[in-house]
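Notes for the structure review
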Amino acid sequence: MLCSIFLLFALPWCFAHGLEANQSALLTVDASPQSGHKIPDTLFGIFFEEINHAGAGGIWAELVSNRGFEAGGPNTPSNIDPWSIIGQESFIYVSTDRTSCFPRNEVALRMEVLCDNTGSVICPSDGVGIFNPGYWGMNIEQGKTYKLILYVRSLDSVNISVSLTSSDGLQKLASASILADASDVSNWTRVELLLESVATNRNSRLQLTTTNKGVIWFDQVSLMPSDTYKGHGFRKELISMIEDMKPRFIRFPGGCFVEGEWLRNAFRWRETIGPWEERPGHFGDVWMYWTDDGLGYLEFLQLAEDLGASPIWVFNNGISHNDEVDTTSILPFVQDVLDSIEFARGSRDSKWGSVRADMGHPEPFQLEYVAIGNEDCGKKFYKGNYMKFYYAIKAAYPDIKIISNCDGSSRPLDHPADLYDFHVYTSARSLFSMTNHFDRTSRDGPKAFVSEYAVTGSDAGTGSLLASLGEAAFLIGLERNSDIVEMASYAPLFVNTHDRRWNPDAIVFNSWQQYGTPSYWMQLFFKESSGAIFHPTKIQASFAGAALVASTITWQDPADDSKYLKIKIVNFGRDTVNLKISVSGLEAAINSLGATTVLTSGNLMDENSFDKPNKVGPVSSKLPNTGTEMVVVILPHSITSFDLPLIPIEHRSAI
């Protein structure tokens, strides 16, 4: 009784302390062709935001933080953090000035060496200089190569030692030298080196040192692993986790990151294209860190293409968290967005398409979706600005689908749109109950894009089993209503453990490790849903406290064209359930040997960690004696899927 009374408010306690009891339920599936509907090809994808150092120090493989010395601002002298000085004050003096050869990145580092290898003030044998620890330590691995690019200038000849070392500088992992006469470096000179590591150190740094007296300027110092995802600069092990999700779209470059606290710090696509050395970078004042913008507009489009996902470009509509552009002044912003679309879609002969081609991608990207702003509905100038963007985009690109920030799930929109954005962050029980949210939504008008959903608060911890159960039930509701729900994505996707700005997140990482939270593994249960056929599914359970939600799809594996019936069940309750499954109307036979996958754990608040990355993870096993009628056991607090191979029924002539 105690659990029944306090269930809404003390759900985790009840689940953890409740006694298991076997109950019975019936699941029926109508698999007849006329009863189902095709799920949109784009239903499940990913939302990437530059938050939690998800990009800088995350999926973007650049190892140097503040590579252009711009993070301290345009006024000099400036803070060079996280760069630090090697050597005492009597040996070296380091500052910044505005002498760079890059007009959009005017700040450079000036290193004056006061000691020498001869004379009265002798440099230490290892030299003096500067070092960069990257993003909380560089992961340098034995046998791997790293490409260093830097720009250097000096009025004297130089002998610079470039090395990868341990965090204290005592262990040398790789080294090379830059030797040049004064005439070779009197102007800014680009230097490229390949460094091969002889050992592994997870907390390394890049050092630039010398024992020669003189003044040396450095700028745009980059260190990248030679081996990145498809050679396009992304960290392979993190992108492979995205690949496993089979995302059908990628929404980028963020939500609040696009807006900015102030417009002066909003994401500006023009500043993120062209040679990386020329990109000015910017301070993201919502999540409070600097990005060099090596991960820019083109790189996001390239990632979408590499993943086989549709890009969804979220652009600023003249509105930040604290200031707005009046609709009467919005036209320059509209033109800016039209230029961004031309950059993505224009021919190589167009103004902005030629810029894309010069960056190495002559063919247009398949940009078919854009979102006008993020969470801006209700702000003073949003509707007026929205209409300016909408009609201008439709006039130039009538096929592009435009996404409004205003929720149309409960009442019709008062403005034209192809899709509307829907965000929900709530408790596990609330999200579980929202499995029926779109049942009541009108079937007329724009489609829903659930671009941000997650269980948050005390139910979530830093990524709990309980959170994943509520989210899975919600997604089953989206599958069922996929005639009006076109897309959905979890948020946020990534978190670097050294900068957790939002909690929870799907994928957790540091410089060398990564793991999926239960919410990540939950999403893998839905990776075959996009483009599949949804079949009406009903559960009948008469016992008290029943909390079961289910869906059924048939999907085809593109690798070998084999077809499967997939049944998913979320048991949000504390009872073990003996579930009878009955499938009717199926125009195929079910192979007698199937498979089942279960996501559960001993406690609702169990989480994964670097030490135990699979504490809450899917467990798969073979399932014998499968058919259109079968009885299975559904564990409490679990997500279960049954993957049943289908065998075509041969139709023989009666003649």
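Rules and cut-offs
Within any chain, residue numbers begin from 1 and follow the written order of that chain's sequence. Reporting of local features is limited, given that this is a predicted model, to residues whose pLDDT is at least 70; pairs of side-chain atoms are given and counted only at 80 or more, and all residues count toward the totals for whole chains, interfaces and linings. By convention in this description, side-chain values take in all heavy atoms of the structure and omit both hydrogens and water. The pairing criterion is simple: DSSP has to find at least two bridges between the two strands. Numbering goes from the N terminus for both helices and strands, where a helix is a DSSP run of H or I of at least four residues and a strand is a run of E of at least two. Each axis is a line fitted through C-alpha atoms, and for a helix only the stretch in contact is used; angles between axes span 0 to 180 degrees, taken between their N-to-C directions. By definition in these notes, contact holds between two residues if any of their heavy atoms fall within 4.5 Å. In this description, a disulfide is simply a cysteine sulfur pair whose atoms lie within 2.5 Å. Only protein chains enter the accessibility calculation, which uses a 1.4 Å probe; a residue is then buried when its area is under 20% of its type maximum, exposed when over 50%, and partly exposed in between. UniProt positions are given in the numbering used here, feature names are shortened, and annotations may be inferred rather than shown by experiment. Orient the strands so they point away from the viewer; a crossover is then right-handed if the path from the first strand over the helix to the second runs clockwise.

1. Focus: the sheet that holds strand β25 (residues 507–509)
Taken in spatial order, the three strands of this open sheet run β24-β25-β26, and their pairing is mixed. Two strands close off the open sheet at either side, each with one partner strand: β24 (494–496) and β26 (514–516). The mean angle between the axes of side-by-side strands here comes to 20°, regardless of whether they run parallel or antiparallel. In this structure, β24 lies alongside β25, joined through three bridges in parallel fashion. Note that in β25 the partner of V495 across the bridge is V508. Helix α4 (residues 236–245) rests against β24, β25 and β26 of the sheet, and its axis sits at about 15° to β26.

2. Things to note about the state of the cysteines
Enumeration over the complete set of coordinates arrives at two disulfides. Disulfide pairing is shown between C115 and C123; the S-S distance is 2.0 Å. An S-S torsion of about 95° defines the bridge between C115 and C123 as right-handed. By relative accessible area, C123 is classed as buried at 8%. What pairs with C377 in a disulfide is C406, and their sulfur atoms sit 2.0 Å apart. Between C377 and C406, the S-S torsion sits near 100°, and that sign places the bridge as right-handed. Residue C377 is located in the loop between β19 (369–372) and α9 (382–396), and its partner C406 is located in the loop between β20 (401–404) and β21 (419–426); the two are separated by 29 residues in the primary sequence. Judged by relative accessible area, which is 35%, C377 ranks as partly exposed.

3. Focus: the UniProt feature "domain: Alpha-L-arabinofuranosidase C-terminal" (unreviewed entry) in the protein chain
Taking the numbering used here, the UniProt-annotated feature "domain: Alpha-L-arabinofuranosidase C-terminal" (unreviewed entry) corresponds to residues 451–638. Regarding residues 451–638, the helix share stands at 12% and the strand share at 39%, and the terminal C-alpha atoms are separated by 25 Å.

4. A closer look at the pairing of strand β23 (residues 485–490)
Burial within β23 is extensive, with six of its six residues counted as buried. Direction of pairing for strand β22 (residues 447–455) relative to β23: parallel, over a ladder of four bridges. Bridge pairing in β23 places Y453 opposite Y490. Of the crossover connections in this fold, the one passing from β22 over helix α11 (residues 465–480) to the parallel β23 is right-handed.

5. Some remarks on the sheet that holds strand β14 (residues 214–225)
Here five strands make up an open sheet; going across it, the order is β5-β6-β14-β9-β12 and the pairing antiparallel. The sheet is open, and its two borders are formed by β5 (92–97) and β12 (189–196), each paired with just one other strand. Going across the sheet, the axis of each strand differs from the next one's by a mean of 30°, ignoring polarity. When β5 meets strand β6 (residues 108–113), the two strands line up antiparallel, connected through six bridges. When the sheet's bridge partners are listed, Y93 is paired in β6 with E112.

6. Structural notes on helix α6 (residues 297–307)
With 10 of 11 residues buried, α6 is to be regarded as a mostly interior element. Inspection of α6 places Y297, L298, E299, F300, L301, Q302, L303, A304, D306 and L307 among the buried residues, and these make up the whole buried set. The inward-facing, buried residues of α6 abut α4, β15 (249–252), β18 (310–315), α7 (331–345) and α8 (351–358). Where α6 ends, the next residue or the one after it, G308, has phi of about 70°, a positive value.

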